[in-house]
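Spelled out, the chains give:
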Amino acid sequence: QVTLVESGGGSVQAGGSLRLSCAASGRAFSSDVMGWFRQAPGNEREFVAGITWSGTNLYSDSVKGRFTISRDNAKNTVYLQMNSLKPEDTAVYYCAADHAATAIVRRARRYYDYWGQGTQVTVDS
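Computed from a predicted model, the values in this text were never measured in an experiment.

**Q** I'd love a proper account of the side chain of D89, names of residues and values included.
**A** Examined against the element boundaries, D89 turns out to sit in the loop between strand 8 (77-82) and strand 9 (91-98). Here the side chain of D89 touches R66 through a polar contact of 2.7 Å, side chain to side chain. In this structure D89 touches R38, R66, F67, S84, V121 and V123, once residues within four positions along its chain are discounted.

This is the structure we're talking about:
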């Protein structure tokens, strides 16, 4: 059984930092593109960042320069370092795996085969 488990969410003041982790199990994910998405109440789930097996990354405009995605293929783990957090970053953050893609990060949710259960991030003003 393939599972993705996020951790590291919580509540912080605006300007603070959090580091999310996503541990994958059930098979090797080293060749998959891994992505982070988020969903705020009343909003659709949106792409935040993605990374290929070789480390090529892509960010949404809203987080570029503040968030950093990385991965440790030996540990089957992907990370999202979030700095300079803003109240509008408040959302449930989801980790996802795009099994079909290897060299290109795709933003659309429909390409991602596996999803974690999500972790809440709350940024207070």
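Read on, since the account is not over.
**Q** Go over the side chain of R66 with me, naming the residues and quoting the values.
**A** With respect to the element layout, R66 can be found in the loop between strand 6 (57-59) and strand 7 (67-72). Here the side chain of R66 touches S62 through a polar contact of 2.8 Å, landing on its backbone oxygen. Not counting residues up to four positions away in its chain, the partners in contact with R66 are Q81, M82, N83, S84, L85, K86 and D89.

**Q** How would you sum up the environment of D89? Please name residues and give values.
**A** Accessibility expressed as a relative area gives 1% for D89, which makes it buried. When the C-alpha positions of D89 and S25 are compared, they lie 28 Å apart, and in sequence the two are 64 residues distant. Looking at D89, its side chain comes within polar contact range of the side chain of R38, at 2.9 Å.

Cut-offs and rules
- Residues numbered from 1 in each chain as written.
- Predicted model: local features only at pLDDT ≥ 70, side-chain atom pairs only at ≥ 80, totals over all residues.
- Heavy atoms only, no water.
- Helix = DSSP H or I, 4+ residues; strand = E, 2+ residues; numbered from the N terminus.
- Polar contact = N/O pair within 3.5 Å; in protein donor to acceptor, adjacent residues only side chain to side chain.
- Contact = heavy atoms within 4.5 Å.
- Buried < 20%, exposed > 50% of the residue type's maximum accessible area, 1.4 Å probe, protein only.

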